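# Survey of secondary and tertiary structure
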Amino acid sequence: MTILVTGATGTVGRRVVEQLLERGEHVRALTRDPARAEFPAGVDVVRGDLTDPASLAPALDGVTGLHLITFGGEFFAPLETADEILALAKEAGVRRVTVLHGGGATPMETAVRASGFAWAVVMPVEFMANALEWAPGIKSEGVVREPFVGRLSAMVHEADIGAVAAVALTEDGHGGQEYLVTGPQALTLGEKTAAIAAARGADVELVELTEEQALEEWRANGMPEDVIAFMIDVYRDTPPEGRTVVDTVEKVTGRPARTFAQWAEEHAEHFRPGA
């Protein structure tokens, strides 16, 4: 059994590859640039581009499971090639498909849901890896500057997202499922920075920005206006699904979800000076 992972060099894609390897599966990783992919030995790295469906045909040879993403190109533009990709997958004999939810309705997810595959939609909330955005400020000053510091997030470890996808790609019984994936705790920014401080062995100061200060900083960093509007909306009033813990990880994988403290320990070097 060969499983093809698209978006394989992304934050989640790498973890899908990792979790499939841990399960003893033969993994094929799709990337635009195999020379820079840096996957473990045993991963079959192949060239392909989801915006060019014809490039996927060789990669799908012998594939029974397929992990898909919903975007391609710059600024997370939605893929418009879903029908062609799924037709190639069907012709190749793919049986199971997972798709990483892109935060809203997309052509790829819509097409997967309407397909004849045993599909599962993996719907993670905020990634724990988003905390890496704080690394430069923590390393240089020991400071995190953010608005709405009391907001709650049930953020999820990327390995748990990968683990849920890996189970759905390799076991029966997951067809037609929507899996909302969270971590085991809903944390404030203060609790997150405290976990990072403990992991790196040095204090981290949390400075609350006003909404106006945050807007000024994000614009100065070149953040697109639509992204800024989304962030303000979500930070000001986080949707219930983003701050409510669910036990999907344990139900699907048979083990508890990883904590943010675990994630911080794993990534402590990113937050230490000189790293």
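You'll find the structure just up there.
Residues numbered from 1 in each chain as written. Predicted model: local features only at pLDDT ≥ 70, side-chain atom pairs only at ≥ 80, totals over all residues. Heavy atoms only, no water.

### Observations regarding the overall build of the protein
Check the secondary structure of the protein and you find eleven helices and nine strands. Taken along its principal axes, the extent of the C-alpha atoms in the protein is 55 × 35 × 35 Å. Classification of the 275 residues of the protein by burial places 48% in the buried group. Partitioning the intrachain contacts of the protein with sequence separation of at least 6 by distance along the chain shows that 73% fall at a separation of at least 24. On the protein, the mean spot of the 23 positive side-chain charges and the mean spot of the 42 negative ones are 4 Å from each other. (Helix = DSSP H or I, 4+ residues; strand = E, 2+ residues; numbered from the N terminus. Buried < 20%, exposed > 50% of the residue type's maximum accessible area, 1.4 Å probe, protein only. Contact = heavy atoms within 4.5 Å. Lys, Arg positive; Asp, Glu negative; His and termini not counted. Charge placed at Lys NZ, Arg CZ, Asp CG, Glu CD.)

### Observations concerning unusual backbone geometry
A positive phi angle is found at Glu-38, which is not glycine, with a value near 55°. Judged by its relative accessible area of 70%, Glu-38 falls in the exposed class. Positive phi is not limited to glycine here, since Phe-148 has a value of about 50°. With respect to the secondary-structure elements, Phe-148 resides in the loop between strand 7 (143-147) and helix 5 (158-170).

### Let's talk about helix 3 (residues 107-114)
All buried positions along helix 3 are accounted for by Met-108, Glu-109, Ala-111 and Val-112. Angularly, the buried residues of helix 3 cover 165° about the axis, an arc narrow enough to put them on a single face. Tucked into the core, helix 3 has its buried residues touching strand 4 (63-68), helix 2 (82-92), strand 5 (96-100) and strand 6 (118-124). (Arc of directions from axis to C-beta.)

### Description of the side chain of Arg-15
As for its position among the elements, Arg-15 is in helix 1 (residues 13-22). Overall, Arg-15 belongs to the buried group, its relative accessible area being 17%. For Arg-15, the contacting residues outside a window of four places in its chain are His-157, Glu-158, Ala-159, Gly-162, Glu-266 and His-267.

### Let's talk about the nonpolar core
Counting residues in each nonpolar core, the largest one holds 29 residues, and the members touching the most others are Val-5, Val-16, Val-17, Leu-20, Phe-39 and Val-181. Only strand 1 (2-5), helix 1, strand 2 (26-31), strand 6, helix 5, strand 8 (177-181) and helix 10 (248-253) provide two or more residues apiece to this core. Sorting elements by how many residues they give to this core places helix 5 first, with seven residues. Once residues within four sequence positions are removed from consideration, Val-16 is found in contact with Val-5, His-67, Gly-162, Ala-165 and Leu-169. (Core = buried A, V, L, I, M, F, W, Y, C linked by side-chain atoms within 4.5 Å.)

### So, helix 8 (residues 225-236)
Between its first and last C-alpha, helix 8 extends 16 Å over twelve residues, near the 16 Å set by a 1.5 Å rise per residue. Within helix 8, the full set of buried residues consists of Ile-228, Met-231, Ile-232 and Tyr-235. The arc that holds every buried residue of helix 8, seen down its axis, measures 100°, which confines them to one face. For helix 8, exposure combined with an orientation more than 90 degrees from the buried face picks out Asp-226 and Phe-230. Where helix 8 is buried, its residues meet strand 7 and helix 7 (211-220). (Expected span 1.5 Å × (residues − 1).)

### Remarks on the pattern of salt bridges
Enumeration according to the criterion identifies 17 salt bridges in this entry. Across the pair Glu-178 and Arg-113 runs a salt bridge, and its minimum N-O distance is 2.6 Å. Taken together, the positions of Glu-178 in strand 8 and Arg-113 in helix 3 put the pair 65 residues apart, joining distant regions of the chain. Taking the relative accessible area as the measure of exposure, Arg-113 reaches 29% and is therefore partly exposed. (Salt bridge = Lys/Arg side-chain N within 4 Å of Asp/Glu carboxyl O.)

### Comments concerning the environment of His-26
Mapping His-26 onto the fold places it in strand 2. The partly exposed category is assigned to His-26, whose relative accessible area is 35%. Along the chain, His-26 and Ile-3 lie 23 residues apart, while their C-alpha atoms are 6.4 Å from each other. Each residue touching His-26, except ones within four places of it in the same chain, is listed here: Met-1, Thr-2, Ile-3, Gly-42 and Asp-44. Looking at His-26, its side chain comes within polar contact range of the side chain of Thr-2, at 2.8 Å. (Polar contact = N/O pair within 3.5 Å; in protein donor to acceptor, adjacent residues only side chain to side chain.)

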